[in-house]
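# Coordinate inspection notes
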Amino acid sequence: MAAILDNPDLRFAFWALVKCVVILTAMLGVVSYLIYVERKVAGHMQARTGPNRVGPLGLLQPVADILKLFFKEEFIPDAANKIIFHLAPVLAVIPALVSFSVVPVGPNFTVTDINVGLLLFLAMSSLGVYAITLGGWSSNNKYALLGGLRSSAQMISYELALGLSTVGVLLIAGSLSLVDIVRAQEHVWFAVYQPVAFVIFMIAAFAETNRAPFDLPEAEAELVAGFHTEYSSMKWGMFFLGEFMNVITISSIAITLFLGGWNGPWLPDSLKFLWFFLKLGVLLFFFIWVRWTYPRLRYDQLMNLGWKVLLPVALANILVTGTVIHWLGNR
Amino acid sequence: MREYIPVLLFLLVAFGFAAGTIALSSIIVPLRRNAVKNSAYECGVVPMGDARQRVAIKFYLVAVLFILFDIEAVFLYPWAVAFRQLGLYGLVEMALFIVVLFIGYVYLLKKRALEWE
Amino acid sequence: MIAPALFAVFAAIAVVSALSVILQRNPVTSALFLVVTFCSLAGIYLVLHAEFIGMVQVIVYAGAIMVLFLFVIMYLNLGRDIETGLQIALRRGVGWLMGFALLAAGVALFRHPWAAGPPAPPGPPVGNTQAIGLLLYSRYLFPFEVTSMLLLVAMVGVVVIARGRRAPGPAADLPPGAATGAEPRGDA
């Protein structure tokens, strides 16, 4: 028994499991209140007050929403492919949480540091397409099908820009490990060296998470609710949760790659994670701000932006960055 | 190898959480099914025909082009990581690679393969 | 101790899901099992310390190629096309033939006593992505540059196929939309 407890591998796995449960719980809490904050901010941007009935300042609104979702009647269309219909919302949650396993939150709070951390993130975001495509197709509903189709084409188009924009960072950092990338930004954030890549990454991040102004898969004015038209109850809740978890994960990756990760002045190493959370808060607010500022793109504008602007600019950025690094190295 | 154990654990926990929550909720919630309620939603009208119809070939084109450029991106990662050791040699060969693909990209533009009307 | 166990688990998932690919009647379910197969292959690569290949397996195969497969299956809707008895019989025949050829190849391979190579040196503590980069862009430079040509050809090919057969001449230069009305409708 003692031998099992002393086994370093098992202890490592045990602590990883603990961290995983902590992160999942924290994510659920953050997502619940992110939705509340989004509604509040949206309200104030439109000269309303937002939710204010449930509890003081409406602070218990998320609790009420979750309970409502949990007990709400469920619809399953007769024409749906049942197994895939049930599977799609589960798939919506997995990629975001798995990518978060490699995000370095602080010098002492990194779940795991793998040599190909960035590739794991890209792999997971490429799997993110499945939840929406399968959800839209399996419902056997015209709106859902169109929403799923649009969104899969959108996500794969912007995934290219997302992947290519990270190459500039890799050229400077020389490593795919996210911890190494954060340590390389101890003095200067990569957003300073790679402003173009940062902008491309953020635009692609909005498109990957299907957030406004790229929320065409939902487009309530024309597609009812897009790919989740036929979903209700907790299955719909999982799509919603997955979307917000994706926003949190992709913001964390943006901070890691471009905004210095946990790096910041004054605080000792053990408290550096506070910088990470501060930056995360700012980026999440930015996501909400943009949503209530810009109108939705038309589909041809969306595809043109992805294929005719972001893709060539990202490629040019890689060549320019490589040339500059080489030139500076030889002087 | 050991560093990947947490990734696997995250995968299992995420799956367990999502599947568990959905299963629990579907046990609790009322299910009062009837034929009209379970028909596809078409703004209150009786659904017409099959929802699954053939779509524009554009979408397949996008998917194929995505694969091609994705493979290009995959070649860029090991190059970027080894860039400092490769030096000018590496820069020139990658520039060649990108230029060849850029010719293809210009062809796509010329053939209006990237137009959405 | 844990690595062989994980290898066995991933291998078992890979075999079971690969079998499910051919045993499922619904093509979408088949495609999803193929995604599972690719992901467990990625797991096997990770167990064998091939991190880069493992991730690329997920990015390219599970995340890109299978998306195209699903697009074709879901939105082309070929499932309900009527097939004649002759087509089905022909496909069955070819299937059995290929199956036996594969079986024969397998038996031949396993009967041959393969010498085990020297054990691979333990992987370097730093990532092997860099090692791959250094090899690929020096010793294997030529295949790498040829790849770009291959991708170029594929790009041209897909455009030609997507535009379909058109009458040669100025018709191809008409603005889009002008040509679509005149095109013969498929039998869909």
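The structure reproduced in this document is the subject of the present report. (Residues numbered from 1 in each chain as written. Chains lettered and ligands numbered in written order. Predicted model: local features only at pLDDT ≥ 70, side-chain atom pairs only at ≥ 80, totals over all residues.)

Okay, the nonpolar core next. For soluble globular proteins, nonpolar side chains are generally found buried alongside one another. Formed by 170 residues in total, the largest nonpolar core has its most connected members in Val93, Leu119, Leu120, Ala161, Phe201 and Ala204 of chain A. For this core, the element with the most residues is helix α6 (residues 142–173) of chain A, which contributes 19 residues. When residues of this core are assigned to domains, at least three map to each of domain 1 (1–77) and domain 3 (127–166) of chain C. (Core = buried A, V, L, I, M, F, W, Y, C linked by C-beta atoms within 7 Å. Buried ≥ 20, exposed ≤ 12 C-beta atoms within 10 Å, placed from the backbone. Helix = DSSP H or I, 4+ residues; strand = E, 2+ residues; numbered from the N terminus. Domains from an automatic or database assignment.)

A few words on the interface of chain A and chain C. Tallying the contact residues gives 18 residues for chain A and 16 residues for chain C. The set of elements that each furnish at least two residues to the side of chain A that touches chain C consists of α5 (117–138) and α6 of chain A. When residues in the side of chain A that touches chain C are grouped by element, the largest group, nine residues, is from α5 of chain A. Grouping the amino acids of the side of chain A that touches chain C by side-chain chemistry returns twelve nonpolar, five polar and one charged. (Contact = placed C-beta atoms within 7 Å. Nonpolar A, V, L, I, M, F, W, Y, C, P; charged D, E, K, R; others polar.)

Residue and element names in this part refer to chain A. Between its terminal C-alpha atoms helix α11 (residues 233–258) stretches 38 Å, which fits the 38 Å expected from 26 residues at 1.5 Å a residue. By the criterion of burial, α11 is predominantly enclosed, with 24 of the 26 residues buried. Count one or two residues on from α11 and you reach Gly260, which has phi positive near 80°. (Expected span 1.5 Å × (residues − 1).)

This paragraph deals with the interface of chain A and chain B. At the interface, 68 residues of chain A touch 56 residues of chain B. Within the residue set of the side of chain A that touches chain B, elements represented by two or more residues are α2 (8–45), α3 (61–71), α4 (82–100), α5, α6, α11 and α13 (299–330) of chain A. In terms of residue count, the dominant contributor to the side of chain A that touches chain B is α13 of chain A (13 residues).

This part covers the packing of helix α2 (residues 58–81) of chain B against helix α3 (residues 51–76) of chain C. Two elements in contact, α2 of chain B and α3 of chain C, have axes whose closest approach is 9 Å; the angle formed by their N-to-C orientations is 175°. When the axes of α2 of chain B and α3 of chain C are compared, the pair comes out roughly antiparallel. In this structure, α2 of chain B uses Phe59, Tyr60, Ala63, Val64, Phe66, Ile67, Asp70, Ile71, Val74 and Pro78 of chain B to contact α3 of chain C, whose residues at the interface are Phe52, Val56, Ile59, Val60, Ala64, Ile65, Val67, Leu68, Phe71, Val72 and Tyr75 of chain C. Residue classes in the contact of α2 of chain B with α3 of chain C are distributed as 20 nonpolar, no polar and one charged. (Axes fitted to C-alpha atoms, helices over the stretch in contact; angles between N-to-C directions. Parallel < 35°, antiparallel > 145°, perpendicular 65-115°, else oblique.)

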